[in-house]
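Breakdown of the fold
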Amino acid sequence: MAFKLNNQLLSKIATSNGHGEDSAYFDGWKAYDKNPFHATENPNGVIQMGLAENRLSFDLVQEWLKLNPHASICTAEGVHEFRDVAIFQDYHGLAEFRNAVAKFMGKVRGDKVVFDPDRIVMGGGATGANEMIIFCLADPGDAFLVPTPYYPGFDRDLRWRTGIQLVPVECESSNNFEVTREALESAYEMAQMNNIRVKGLLITNPSNPLGRILDRETLKSIVDFINDKNIHLVCDEIYAATVFSEPDFVSVSEIIQEEGRECNLDLIHIVYSLSKDMGFPGFRVGIVYSYNDAVVNCARKMSSFGLVSSQTQHLIASMLSDDEFVERFIRESKTRLASRHKLLTEGLARLGISCLKGSNAGLFVWMNLRRLLKEQSFEGEMALWRVIINEVKLNVSPGSSFHCSEPGWFRVCFANIDDETVEVALARIRTFVLQSKEAKKPVKKLCWQGSLKLSFSSRIYDDFVMSPHSPIPQSPLVQART
Ligand SMILES: Cc1ncc(COP(=O)(O)O)c(C=O)c1O
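Residues numbered from 1 in each chain as written. Predicted model: local features only at pLDDT ≥ 70, side-chain atom pairs only at ≥ 80, totals over all residues.

1. Topic: the overall build of the protein chain
Along the backbone of the protein chain there are 17 helices and 13 strands. With 482 residues in all, the protein chain has 45% of them scored as buried. Restricting the contact set of the protein chain to residue pairs at least 6 apart, pairs at least 24 apart contribute 72%. (Helix = DSSP H or I, 4+ residues; strand = E, 2+ residues; numbered from the N terminus. Buried ≥ 20, exposed ≤ 12 C-beta atoms within 10 Å, placed from the backbone. Contact = placed C-beta atoms within 7 Å.)

What follows is the structure, given as structure tokens:
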């Protein structure tokens, strides 16, 4: 007998669009999955620049693993621990794991703060940790303020199963997307006017997608704001160790320790994970670190739904306890991120494309393509995005999927691919810009990369190339060709 799957048989949560999969952010990934770039096997495929993964320092980890076979229960040297590790699963986590993670969290914050291992609660990546903290702090219908642009996954992680709402705090390019007190107040008021109870503010520092840190003054003003309103502050600091150039990262944990600062510590919570700083999203190591005892207690019980496997805890405990390795890894990872960032941003600058000022962290840049929009609207942004994904074959993510309040911004990830692929991407962008200029001229057939024919909808680019503000004519690459 054939059964039909009927939506009414499922829960409202299951049938809602809470996952948010229906967006350009995820569509870009699907386009990549269907036709992934490979330097030799598929050179005309889609280049994945929509994935915030950090693969630049994997060789260091592999080297460590070879030198430390005892850390894994899957080796002759470590298998004697197999029984203990296999049976252990207490929701407090292995003591050595919590100690090592607490120490690591301090280290990536420049050893300016000390984290208490007894406050470390495990979650399934930052995804699970973020949901868990929301479950602890808010009821269905309550709201969290979130400065825009923000990580698209928050719509799923914070809202879907908890039933809370997100209220955007609109930040603007005119002041470099700063999180101002005015913007916070205005979002808070807006929620109140709509009878929405605001339970907290969630910030991401360093920011995804801006690739930049929040400065000390901004953090202080945020801490003052949440204290004045008596609401929670959740700081997603999962990019803490990706800060590759000055100014240094400032964690909220530093701000609340400042002498003379009045702050209700019960309102402060940090979310962390090893997905970005170490490049281990597959290990699902997420952390809630709360200064509130009741939250630690409750989160620990809730963590039963998203524990880190004890095998992973065992390995991570050993790896992160190796001070020499950790210091070298953090240092080297920053150096490599800095040089990759330079390669991409300088390449874009040569094409007259700028990225957000002050970008010094993260695994991506926030690229400004406003001048390429046929019309200054989100429809215009999507039209451009479709050309980039379908014709230029680069998966970059449009700002609208990050709830950016202005069209024309795109997030470009740079740490999940190699230097050569970045060069291929830059060459494609260059061709794209040059061809759109060529397309201005009367009928001319355009070819690109031998077999792949491109037919750019030239009108979109006319404004950009012909604008008196267009940086393209100044580009040495363009001059070389024209
Ligand atoms: C700001 C932010 N928070 C959370 C996550 C989810 O991270 P995880 O892989 O640890 O679940 C991401 C992933 O991109 C992110 O950028």
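There is more to say after this.
2. Points about the sheet that holds strand β9 (residues 354-355)
The 4 strands are arranged β9-β10-β13-β12 in an open sheet whose pairing can be described as antiparallel. On the outer flanks of this sheet lie β9 and β12 (397-398), each paired with one strand and no other. The strands that helix α13 (residues 323-350) touches are β9, β10 (364-368) and β13 (409-413); relative to β10, the one it contacts most, it runs at about 10 degrees. (Pairing = 2+ DSSP bridges. Axes fitted to C-alpha atoms, helices over the stretch in contact; angles between N-to-C directions.)

3. Regarding the nonpolar core
Counting 131 residues, the largest nonpolar core has Ile133, Phe144, Leu233, Met367 and Val412 as the members making the most contacts within it. Aside from chain neighbours lying at most four places away, what touches Phe144 is Ile134, Ala138, Leu158, Ile164, Leu166, Lys199, Gly200, Leu201 and Leu202. (Core = buried A, V, L, I, M, F, W, Y, C linked by C-beta atoms within 7 Å.)

4. Some points on the pairing of β13
By the criterion of burial, β13 is predominantly enclosed, with 5 of the 5 residues buried. Side chains of β13 alternate between two faces, with Trp409, Arg411 and Cys413 and Phe410 and Val412 buried alike. Bridge analysis of β10 against β13 gives 5 bridges, and the strand direction is antiparallel. Across the sheet, the residue bridging to Asn368 is Trp409, located in β13.

5. Some words on the site of the ligand
Near the ligand, the surroundings consist of 14 residues, among which Gly125, Ala126, Thr127, Ser273 and Ser275 are the closest. Considering every element that reaches the shell around the ligand, the biggest residue donor is helix α6 (residues 125-137), with 3 residues. By residue class, the composition of the shell around the ligand is 5 nonpolar, 8 polar and 1 charged. (Near = placed C-beta within 6 Å. Nonpolar A, V, L, I, M, F, W, Y, C, P; charged D, E, K, R; others polar.)

6. Description of the sheet that holds strand β5 (residues 198-204)
Read across the open sheet, the 7 strands follow the order β2-β8-β7-β6-β5-β3-β4; overall the sheet is mixed. What marks the edges here is a single partner per strand, and that holds for β2 (120-124) and β4 (165-169). Along the sheet, successive strands turn relative to each other by an average axial angle of 25 degrees, direction set aside. Relative to strand β6 (residues 232-236), β5 runs parallel, the two sharing 5 bridges. Pairing of Leu202 across the sheet is with Val234, part of β6. Packed on one face of the sheet, helix α9 (residues 216-229) meets β5 and β6 and runs near 145 degrees to β6.

7. Digging into unusual backbone geometry
The peptide bond linking Asn205 to Pro206 adopts the cis configuration, its omega dihedral lying at -5 degrees. Tracing the backbone shows Pro206 in the loop between β5 and α9. Glu246 connects to Pro247 through a cis peptide bond whose omega is -5 degrees. You will see that Phe177, though not glycine, has its phi angle at about 60 degrees, which is positive. Among the structural elements, Phe177 can be located in the loop between β4 and α8 (181-193). Even without being a glycine, Arg284 presents a positive backbone phi close to 55 degrees. Among the residues examined, Arg284 registers 22 C-beta atoms within 10 Å and is labelled buried.

8. A word on helix α2 (residues 24-34)
Looking at α2, one finds that the buried residues are Ala24, Tyr25, Gly28, Ala31 and Tyr32. In a view along the axis of α2, the buried residues occupy a sector of 120 degrees, so they form one face of it. Facing away from the buried side of α2 by more than 90 degrees, the exposed set consists of Asp33 and Lys34. Packing partners of the buried residues in α2 comprise β1 (47-48), α14 (378-392), β11 (394-395) and β12. (Arc of directions from axis to C-beta.)

By themselves, these figures tell us nothing about what the structure is for.
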